[in-house]
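Okay, here's what each chain looks like letter by letter:
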Amino acid sequence: HGKRFGAGRKLLTEIYTPSLAEGIYSVARRALLTNSVADSECQCAESGRCYTFSAAAHGQSVIVMLEDISERRLAEESLRRVAYTDPITGLANRPKLEESLERAIAASREKTGDRFAVIYVDFDGFKSVNDRHGHHVGDALLASIGQRIAGLLEGFEGRSPDENVAARWGGDEFVILLGESRVSEVDEVSTPS
């Protein structure tokens, strides 16, 4: 088996990029060793494209199906962004914030000592802007506020993308979630210059 696998791997590297050849090789090898069907997925390091691999073994033979799913991944990511982004401000929306808060709460329960901070911001008199100048001006003001709030988190690296989140809660209400690594900067964020 070792020689046969080695020859197959060498042939694949002559035809495909290294990461693609490795993905095909490992799924085919797994299918042959188990005499069954094997599936896997990888992102090609050389091109950044995503592929799924399915291999079916039958005796000494294996059939491998390779599918480029890059466009589907881009579409899924685009839908995820739309589902979790406020269309006016570009900040996270309420469902995204709620999801991030749930993770922060769970992390603080799991790891004693993990803390997080929530800053709530409500702008008084916003309704009068919409009433006096129209919704297009109100939306422009909200977008400007959103940019300023997002700017407060620039340079704040978290352990995960959900650790530090700026979100529009609704109307003229905004929330900033700071994870464990940034709790010490609550004053810096809540009292910007």
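Going by the structure above, here's the rest.
Source: prediction; values computed, not measured.

Caption draft 1: Looking closely at the sheet that holds strand β1 (residues 37–43). Taken in spatial order, the three strands make up an open sheet running β1-β2-β3, and their pairing is antiparallel. Both edges of this open sheet fall to β1 and β3 (61–68), since each of them pairs with a single strand only. The mean angle between the axes of side-by-side strands here comes to 20°, regardless of whether they run parallel or antiparallel. Summarising the sheet, β1 and strand β2 (residues 50–58) pair through seven bridges and their orientation is antiparallel. Following the sheet pairing, Ser40 is matched in β2 by Phe53.

Caption draft 2: Looking closely at unusual backbone geometry. Although it is not a glycine, Asn35 sits at a positive phi angle of roughly 50°. By secondary structure assignment, the location of Asn35 is in the loop between α2 (18–34) and β1. Looking at Asn35, the relative accessible area reads 48%, which means it is partly exposed.

About the thresholds
Residues numbered from 1 in each chain as written. Predicted model: local features only at pLDDT ≥ 70, side-chain atom pairs only at ≥ 80, totals over all residues. Heavy atoms only, no water. Pairing = 2+ DSSP bridges. Helix = DSSP H or I, 4+ residues; strand = E, 2+ residues; numbered from the N terminus. Axes fitted to C-alpha atoms, helices over the stretch in contact; angles between N-to-C directions. Buried < 20%, exposed > 50% of the residue type's maximum accessible area, 1.4 Å probe, protein only.

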